Amino acid sequence: MIIGLTGPNASGKGEAARYIESKGFVYHSLSDILRDEAKRLSIEPLRENLIKLGNKLRRKNKASFLAEETIKKLAPAQNHIVDSIRNPAEVEALKRLDDFILVGVNAPVEMRFKRGIDRKRPGDAQTLDDFIEKEKKENKNDPRNQQLKKCLQLVDALIINDSTLEKFYKKIDETIKKYKKT
């Protein structure tokens, strides 16, 4: 089984990925390719820089580039979790794989903003208005840029992460059970 994760900033994708990895899935992130490239180019790996770099790589290569590079790392006969899917072409490339499902993770914007503040990552928005404005910029209607809203429209399952971790994990378990082939 290959589970892909998509969703907006601070929705809980990273927490979902860690939880699924703890179930024996091999973890991959499309952002790892960006972080490696940023390191190679001596670019500080801040969210904004990684977004620009990802958009640049999609324009230079093709919109599905990050997914195709990650697909090369997926060993058969293993369960995988693929995090940081941010472009519909990445979804399309991954959906060509047998046993792939795309899971969207979302939460109310106010809750996501608070989580962003709590995790204190450099470059994160400091006001709710700034947070919302950054999301608008990150969802430009350019097929080579990240388009999280469009990715969310392509999900096989949507998990709303608006309660406790225990309830979130239960929703993840139910989703895996629903789609896992025996």
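In this text the structure is predicted, and so the values were computed from the model without any measurement.

Caption draft 1: The arrangement of the overall build of the chain in detail. Helix and strand content of the chain: nine helices and five strands. Ordered by position from N to C terminus, the α and β elements of the chain give β-α-β-α-α-α-β-α-β-α-α-α-β-α. Relative to the globule expectation of 16 Å for 182 residues, the C-alpha radius of gyration of the chain, 16 Å, shows essentially globular dimensions. Principal axes of the C-alpha set define a box for the chain whose edges measure 45 × 40 × 25 Å. Out of the 182 residues in the chain, the part that is buried amounts to 46%. Of the roughly 10,100 Å² that the chain leaves accessible, carbon and sulfur atoms contribute 51%. The positive charge centre, built from 38 side chains, and the negative charge centre, built from 28, are 2 Å apart in the chain.

Caption draft 2: The environment of proline 108, seen in detail. The topology assignment puts proline 108 in the loop between strand S4 (100-106) and helix H6 (109-119). For the pair proline 108 and leucine 57, spaced 51 residues apart in sequence, the C-alpha separation works out to 30 Å.

Caption draft 3: Spatial organisation of the nonpolar core. In this structure, Leu34, Leu57, Leu66, Val82, Ile85, Leu94 and Phe100 are the most contacted members of the largest nonpolar core, which totals 20 residues. Of all the secondary structure elements, the ones that give two or more residues to this core are helix H2 (30-40), helix H3 (47-60), helix H4 (65-71), helix H5 (88-95) and S4. If one sorts the elements of this core by residue count, H2 sits on top with four residues. In contact with leucine 57, not counting residues within four places along its chain, are Leu34, Glu37, Lys62, Phe65 and Leu66. Among the nonpolar cores identified, the runner-up in size contains 16 residues, and Met1, Ile3, Phe168 and Ile172 belong to it.

Caption draft 4: Structural context of the sheet that holds strand S2 (residues 26-29). Taken together, the five strands give an open sheet; going across it, the order is S2-S3-S1-S4-S5, and neighbouring strands pair in parallel fashion. The open sheet is flanked by S2 and strand S5 (157-160), the only strands paired with a single partner. When the angles between neighbouring strand axes are averaged without regard to direction, this sheet yields 25°. Pairing of S4 with S5, which is carried by four bridges, proceeds in the parallel orientation. Opposite valine 105, over in S5, you have isoleucine 159 as the bridge partner. Helix H9 (residues 165-179) rests against strand S1 (2-6), S4 and S5 of the sheet, and its axis sits at about 170° to S5.

Caption draft 5: The arrangement of helix H1 (residues 13-21) in detail. When H1 is considered as a whole, its buried residues turn out to be Lys13, Ala16, Ala17, Tyr19 and Ile20. The buried residues of H1 occupy an angular sector of 165° when projected down its axis, which confines them to one face. Where H1 is buried, its residues meet S1, S2, strand S3 (80-83), S4 and H9.

Caption draft 6: Expanded view of the packing of H2 against H3. At a closest axis distance of 10 Å, the pairing of H2 and H3 adopts a crossing angle of 100°. In terms of orientation, H2 lies roughly perpendicular with respect to H3. Where H2 approaches H3, its residues Leu34, Arg35, Glu37 and Ala38 are matched on the opposing element by Leu50, Leu53, Gly54 and Leu57. Here the residues of the contact of H2 with H3 sort into five nonpolar, one polar and two charged.

Basis of the calculations
Residues numbered from 1 in each chain as written. Predicted model: local features only at pLDDT ≥ 70, side-chain atom pairs only at ≥ 80, totals over all residues. Heavy atoms only, no water. Helix = DSSP H or I, 4+ residues; strand = E, 2+ residues; numbered from the N terminus. Rg over C-alpha atoms; globule rule 2.2 N^0.38 Å. Buried < 20%, exposed > 50% of the residue type's maximum accessible area, 1.4 Å probe, protein only. Areas by Shrake-Rupley, 256 points an atom, 1.4 Å probe, with all protein chains shown as cover. Lys, Arg positive; Asp, Glu negative; His and termini not counted. Charge placed at Lys NZ, Arg CZ, Asp CG, Glu CD. Core = buried A, V, L, I, M, F, W, Y, C linked by side-chain atoms within 4.5 Å. Contact = heavy atoms within 4.5 Å. Pairing = 2+ DSSP bridges. Axes fitted to C-alpha atoms, helices over the stretch in contact; angles between N-to-C directions. Arc of directions from axis to C-beta. Parallel < 35°, antiparallel > 145°, perpendicular 65-115°, else oblique. Nonpolar A, V, L, I, M, F, W, Y, C, P; charged D, E, K, R; others polar.

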